[in-house]
Structures are given as C-alpha cells and as structure tokens.
Amino acid sequence: MRKIFLGISTLFLLSLTSCLDESVYEKETVYKEDILDYFDALMVSTKGEFNDEISEFKNSINFRKVETYDLRTTEKIISAEITSLNSFQDAERVKAIFFLNNGKIVRSNIVTFDHEMHFDKHDDIIVSILNMDASTQIYTGRMTVYNAFQKLLMYNIYESGKLVENAMARIDAGANPTSGKTNGCTNWYLITTTYYSDGSTTTTTEYLYTSCSGGNCEEQASRGSKINCGGGPWTGGAGSPAGSNPSFPSLPANGDVYEFTNANGEYTKYQFDSQKGIWVVIERILPPITIILEPENYPFLMIQWPVHNQKVFGTDLFTYTYDGGSGNWNGEPTNVVISPDRPISNMTDYLKCFTSTQSATVTIYVDQPVEGSNDAYAITWGGAVVGHTFVSITQGSNRSVFGFYPSTDETSPTSPPEPSVMGDDSGEGFDASISITISGPILQQILQYVINYNATYDLDNYNCSDFGISVGNLAGLALPDSYGSWPGGGGSNPGALGQHIRSRSSSGNISVNKVGGNAPTNNRNCN
C-alpha cells in the first residue's frame, strides 16, 4: 500500500511540474552580467538624466528569454524578451536588443511590434532590417524602435514584407548641419515617408521635441514642455569598446580583407593592396548616428528627406544607397571609368592604312572632368566624372581615333588593375588638344607602341592619360606626368593634362586647340 501511495505521489508531482511555466526552469542568459554592467555604465555616462527610464528598462528584461544573432557587420545582437514597460503596454510584442561589439555591449534599443495576424518571428524581422536584407519575411504590421531612454527613433510599416511607410527622428536641417541648432539646443522632427504602389512618395514633417545640452538646458526647459536635457534621440551608448580603432593584421597578403565596426555601429570593410602597401576601404555602412555626429565628413548625406534606395555620389568617390528600413547608408566605391562603347578588337587592322614612308599628324585630345580646371574628378548627380584622354593619327585622307580603357565597367579608386582594351573615340567631345606633325620613322614607333599597348589598365599607374602622354612624348610633345590625387590614390589625369595643354602655344609643327569641340570621324581608304 505504501509503494502504491508513493507511486501516486510521484505521478502527481510530475503532473504538477508539467503544468508549471517551463520558463521557470530555463537558464538565465550568460550575458546577464554584461547587460547589467551596460546599464550601470549608461547611468554613469548620462549623469543621472535618465535613471528612471534606464532602471525601468533594466528591470523589464526577461533574462531567461534571450537569443544571440550575427549581423553582416562584425557585431552581434542580443535579443531579449521584455516583460513589461509602462509606455508600451499596448504593443503586441516588446523586445530589447543589445549590440555586442568586441565582447562588450555598446548600444541598445527597445523594439515594439504591432500586427493583427499571428506572428512569432520577430527576431527574424529585426535581424533582416539591421542587415539591410530586402526580404523582411512576409510581415504585415508596424515595427517601432526606441532608444534606451524610451525616445522614438524610427518606425517601419510593412505590407506582406514590403516597406510602405517609414519615419525617423531627424534634425530638420536640410543640407546645413548647424541650421537646426540654436543656443546649444537642437530641434528634432519626425520625417515620415509613404511609398505608393506606382513608385511615388510623399513626405511629412512633425516636430517631436528639442534636445539641449550645456549649462543653459534648465533655463531652456523652463520655457517649454518639449525640452529634453541630455541629448537627442540617437544617444544611448555606454562608451567605446576595447579596441575602438581598427587593429590591422600584420604581414597581410594582397587581397586580404579586414572588417571593423565602431561603437556607434559604423562598419568599414578594408582590402589590402600590396602594390600601394595600404588597406583601402571597399565598403561602408553608416548608421544615422554617424551622419548626425560627423556632418563635416559626410555633408553630402545631410539630406532632409531621403527615400528608400536613394543613391548619392559622395565626394569621397563612394556611391551611397539609403536603406529606409534601417536608416543606414551603404557605401561602395564609385565606378569612375567604364569600358568603351565601341571596343577595338584588332588594333593592327584598325591602323593598317598608315605607312611609315610618309609623315603624319598625331593629336592628343583631352576631355576634362571640369573644363578649364586641374580637378582630377568631379561629382555630378549622375555619378563621378573623371574625363578622358585619347589620340588620333592622320595621314593624308586616312584617320583613326582611339583611346585606352579598362575592359569592364567596374573600375574604382579601390579596384585592382584589370585587363585593358582599346576603344574607338571618333566623334567624342574634348576640351583641349595638341597636335604635332611627325616623320614616317617616328610614326612607325608610335604604331608599334599602340598595337602592343599595355595589357593592364591601372587607374593609379597606367590609365588613359598615361597612354596619351606616352604617345604624345613618342611624337615629341614633351607632355608632363600630369599627376592629380583622388580618394584612395592618384595618377595622371585629364584635368591636369588639359591645363598643361592650355598653357602651351602653337609654334612650328605644333598646334594647340584651347576651344575644344568634337574629334573627327574615322576615315580609312585602304583595302
């Protein structure tokens, strides 16, 4: 009888245990102490301004419901369930995310979700947006992001995974990074963009509040109810992590890649160029805080109303694409030189009408990026402009116009040397030119040089201007190196070469054209 009683008791206890909340028996996350240390450091760094908000945030974390995820940068995120926050009681789900950088938590956010249909892949949405992944699952609803002090940063509204509305807290400053600041205070606005099915957008602006810092904050706060002492919404870090600057590996090989993310989430990918002996930047991801804190470095990104997938060509020769879901700008090197529209497959055939028994005229044409300027490049709404240098040979009624190009459309200041190709430049525009009459034997040297042109296009060391200068100097024009710099390097360029030609005067067998025009067309009268 006793054995039966014990057996029944055991079954009762097992049954009772199975009815209890399973989370009681889940282990607390190994990151609990890191999270608590982060909150302590955040209170210190904010000097008590937001202690109530930080304490409420800290006490709401369920340390038994925590997951970690790798981001496309070098950071990880720690995602934790939030049990209760008074300000977000109506949200369907509330999450806390902590950014782990080099073993230390450096930032945090509160993320809320509101949706009508059942949905449980909230972490997948968060990671997808942070990674600027176009596939945000098949989510319909609103995701809102707040800082650690419960201040609104941004929200996105999706319909079946498509972004239909997003809003972000910004300085209403247009292109002037200081125009939103007065008396140490900054006006913050919610910039909301709605995306329609026909591709059009509308944007609205709503005043949020004013953030102030310095000794006059309390005075300012006494004048208005929307004064926030302690900084703007994009604050909330707890200091820089150990190793807050890149620490490049020693003895790198050509093509080695190194990635670095700073405490604000700014990501940089480097690649080692053994020829230059430097690490060159091949990708950047700039979060909103970077643009706000460093307007002098990225004035071209101080855009009042950016829209999803908007492209901006930076003066740093990077092309930036705006991701509306995350608010990040993703930058990649701008392709500054493209392959020819009319490539020449056989230079021997292209030049076959010329003979070394007669004299000829060689002309060096220069299309400058900025007419009349030494500038090595220029930035336009259509991209980066670097100009072009090309050549013509005329003998009697025969004429051939050609230039030196890369074989692909992916040449940027950071790209490695690539195979070259010659292109037909007849009829192309130019800003200045210089011509010289040469003898048959000199022509023969030039023909051999052109037919056996350099097989490699290298933006820094042998580009179209280097080719044109070499041909011109074989002809006796004494053209200089014409060096100019650009982000990530430098070399001979049409800007400097064009200015040298403009400084010359016609004399003897040399003629100079400073007006410009269009190069003549090809004419070949031989079989």
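Let me begin by describing the structure that accompanies this report. Predicted, not measured: the structure shown is a model, and the values here were computed from it. (Residues numbered from 1 in each chain as written. Predicted model: local features only at pLDDT ≥ 70, side-chain atom pairs only at ≥ 80, totals over all residues. Heavy atoms only, no water.)

## Some words on the overall build of the protein chain
Where we set the bar: Only DSSP runs of H or I with at least four residues qualify as helices, and only runs of E with at least two residues qualify as strands; both kinds are numbered from the N terminus onward. Summary of the burial criterion: residues with accessible area below 20% of their type's maximum are buried, those above 50% are exposed, and those between are partly exposed, where the area comes from a 1.4 Å probe applied to protein chains only. Any pair of residues with heavy atoms lying within 4.5 Å of one another is described as a contacting pair. With residues, only the protein chains shown are counted as cover, and all accessible areas are computed by Shrake-Rupley using a 1.4 Å probe.
Tallying secondary structure elements over the protein chain gives ten helices and 31 strands in all. Out of the 527 residues in the protein chain, the part that is buried amounts to 50%. Intrachain contacts of the protein chain at a sequence separation of at least 6 include 59% that bridge at least 24 residues. A total accessible area of about 25000 Å² is found for the protein chain, and carbon and sulfur atoms account for 49% of it.

## A few points about helix H2 (residues 32-45)
What counts here: Given the number of residues in a helix, its expected span is that number minus one, multiplied by 1.5 Å. By definition, the arc is the one covered by directions from the helix axis to the C-beta atoms.
Over its 14 residues, H2 extends 20 Å from the first C-alpha to the last, a length consistent with the 20 Å expected when each residue adds 1.5 Å. Among all positions of H2, only Ile35, Tyr38, Phe39, Leu42 and Met43 are buried. Around the axis of H2, the buried residues are gathered within 135 degrees of arc, so they sit on the same side. For H2, exposure combined with an orientation more than 90 degrees from the buried face picks out Glu33 and Val44.

## Thoughts on unusual backbone geometry
Look at Lys47: it is not a glycine, yet its phi comes out positive at around 55 degrees. Relative accessible area serves as the criterion here: at 75%, Lys47 is assigned to the exposed category. A positive phi angle, near 70 degrees, is found at Gln150, a position not held by glycine. Structurally, Gln150 can be placed in the loop between strand E5 (141-146) and strand E6 (152-159). Judged by relative accessible area, which is 14%, Gln150 ranks as buried.

## As for the pairing of strand E29 (residues 489-492)
As a reminder, the rule being used: Paired strands, as defined in this entry, are two strands with at least two bridges between them according to DSSP.
Direction of pairing for strand E28 (residues 483-486) relative to E29: antiparallel, over a ladder of four bridges. For Trp486, the partnering residue across the bridge sits in E29 and is Gly489. Between E28 and E29, which pair antiparallel in sequence order, lie two residues; one of them, Gly488, sits at a positive phi of approximately 90 degrees.

## Structural notes on the sheet that holds strand E17 (residues 328-333)
Filter applied, for reference: Whenever a helix is involved, its axis is fitted only over the stretch in contact; in every case the axis is a line through C-alpha atoms, and angles between N-to-C directions fall within 0 to 180 degrees.
With antiparallel pairing, the six strands of this open sheet are ordered in space as E12-E13-E14-E17-E16-E15. Sheet topology places strand E12 (257-261) and strand E15 (311-313) at the edges, where each strand pairs with a single neighbour. Averaged over all adjacent pairs, the angle separating strand axes in this sheet is 25 degrees, with direction ignored.

## A word on the side chain of Thr268
Looking at where Thr268 falls in the secondary structure, it is placed in strand E13 (residues 267-273). The contacts of Thr268, once residues within four sequence positions are left out, are Tyr258, Glu259, Phe260, Val281 and Glu283.

## Things to note about the pattern of salt bridges
The following threshold applies: What counts as a salt bridge is simple: a side-chain nitrogen of Lys or Arg found within 4 Å of a carboxyl oxygen of Asp or Glu.
Applying the stated criterion across every chain, the model contains 14 salt bridges. We note a salt bridge from Arg107 to Glu75, for which the minimum N-O separation is 2.9 Å. On the criterion of sequence distance, the pair formed by Arg107 in strand E4 (residues 104-114) and Glu75 in the loop between strand E1 (61-70) and strand E2 (76-82) is long-range, its members being 32 residues apart. Pair check on accessibility: Arg107 and Glu75 agree, each one buried. For the salt bridge of Lys276 with Asp460, the shortest nitrogen-to-oxygen distance reads 2.6 Å. One end of the pair, Lys276, is in the loop between E13 and strand E14 (278-286); the other, Asp460, is in the loop between strand E27 (456-457) and helix H9 (464-474), and 184 residues separate them in sequence. The exposure class of Lys276 is partly exposed, given its relative accessible area of 30%. Judged by relative accessible area, which is 13%, Asp460 ranks as buried. Three or more residues joined by partner-sharing salt bridges are found here, namely Glu81, Arg93, Lys95 and Asp123.

## Describing the layout of surface pockets
Using the following cut-off: A 1.4 Å probe that fits into a set of points on a 1 Å grid over the protein atoms alone but cannot get out defines a cavity; an open set with protein on both sides within 12 Å along at least five of seven lines defines a pocket, and lining residues are those with an atom within 4 Å of a point. Grid points are joined across faces, edges and corners, and a volume is the space filled by probe spheres set on the points. Nonpolar residues are Ala, Val, Leu, Ile, Met, Phe, Trp, Tyr, Cys and Pro. Charged residues are Asp, Glu, Lys and Arg, and all others, Gly as well, are polar.
There is about 410 Å³ of room inside the second largest pocket. Lining the second largest pocket are 23 residues, with Ile338, Asp367, Gly387, His388 and Tyr405 sitting closest to its centre. Within the residue set of the lining of the second largest pocket, elements represented by two or more residues are strand E21 (383-385), strand E22 (388-395) and strand E23 (398-406). Tallied by class, the residues present in the lining of the second largest pocket amount to twelve nonpolar, five polar and six charged.

## Quick notes on the state of the cysteines
In plain terms, the rule: Two cysteine sulfur atoms form a disulfide, by the criterion used here, when they sit within 2.5 Å.
Here the structure, examined in full by the defined rule, presents one disulfide. Here Cys353 is linked by a disulfide to Cys526, with a sulfur-sulfur distance of 1.7 Å. One quick way to see it: the torsion about the S-S bond of Cys353 and Cys526 is about -80 degrees, and its sign makes the bridge left-handed. Taken as a pair, Cys353 in the loop between helix H7 (347-350) and strand E19 (360-367) and Cys526 in the segment after strand E31 (517-518) lie far apart in primary sequence, 173 residues in all. Owing to a relative accessible area of 11%, Cys353 belongs among the buried residues under this scheme.

## Some remarks on the packing of aromatic side chains
Stated precisely, the cut-off is as follows: For this analysis, a ring pair means two rings from Phe, Tyr or Trp (six-membered ring only for Trp) whose centres lie within 6.5 Å, classed as stacked if their planes differ by under 30 degrees, edge-to-face if by over 60, and tilted for the remaining angles. Remark: a charge is flagged as sitting over a ring if the NZ atom of Lys or the CZ atom of Arg is within 6 Å of the ring centre and within 35 degrees of the ring normal.
Under the criterion given, the structure shown has 31 aromatic pairs. When the ring of Tyr350 is compared with that of Phe402, the centres are 6.4 Å apart and the planes differ by 85 degrees; the resulting orientation is edge-to-face. Note that Tyr350 is positioned in helix H7 and Phe402 in strand E23, a separation of 52 residues in sequence. Every member of this aromatic cluster is reached through a ring pair, and the members are Tyr350, Phe402, Phe404, Tyr449, Tyr453, Tyr457, Tyr462 and Phe467. The aromatic ring of Phe99 is capped on one face by Arg107, whose charged end is 4.1 Å from the ring centroid. Over the face of the ring belonging to Tyr155 we find Arg142, whose NZ or CZ atom lies 3.8 Å from the ring centre.

## Observations regarding the side chain of Arg170
Examined against the element boundaries, Arg170 turns out to sit in strand E7 (residues 162-171). Assessed through its relative accessible area of 16%, Arg170 is described here as buried. Excluding anything up to four places from it in sequence, Arg170 contacts Asn187, Trp188, Tyr189, Ile191, Ile303, Gln304, Pro306 and Tyr322.

## Brief notes about the packing of H2 against helix H3 (residues 51-59)
Rules: Throughout this description, any angle smaller than 35 degrees is read as roughly parallel, any larger than 145 degrees as roughly antiparallel, any in the 65 to 115 degree range as roughly perpendicular, and the remainder as oblique.
Two numbers describe how H2 lies on H3: the axes approach to 10 Å, and their chain directions differ by 175 degrees. Overall, the two elements H2 and H3 adopt an arrangement that is roughly antiparallel. Taking contact as the criterion, the partners of Leu36, Phe39, Asp40, Leu42 and Met43 in H2 are, on H3, Asn51, Ile54, Ser55, Phe57 and Lys58. Residue composition of the contact of H2 with H3, by class: six nonpolar, two polar and two charged.

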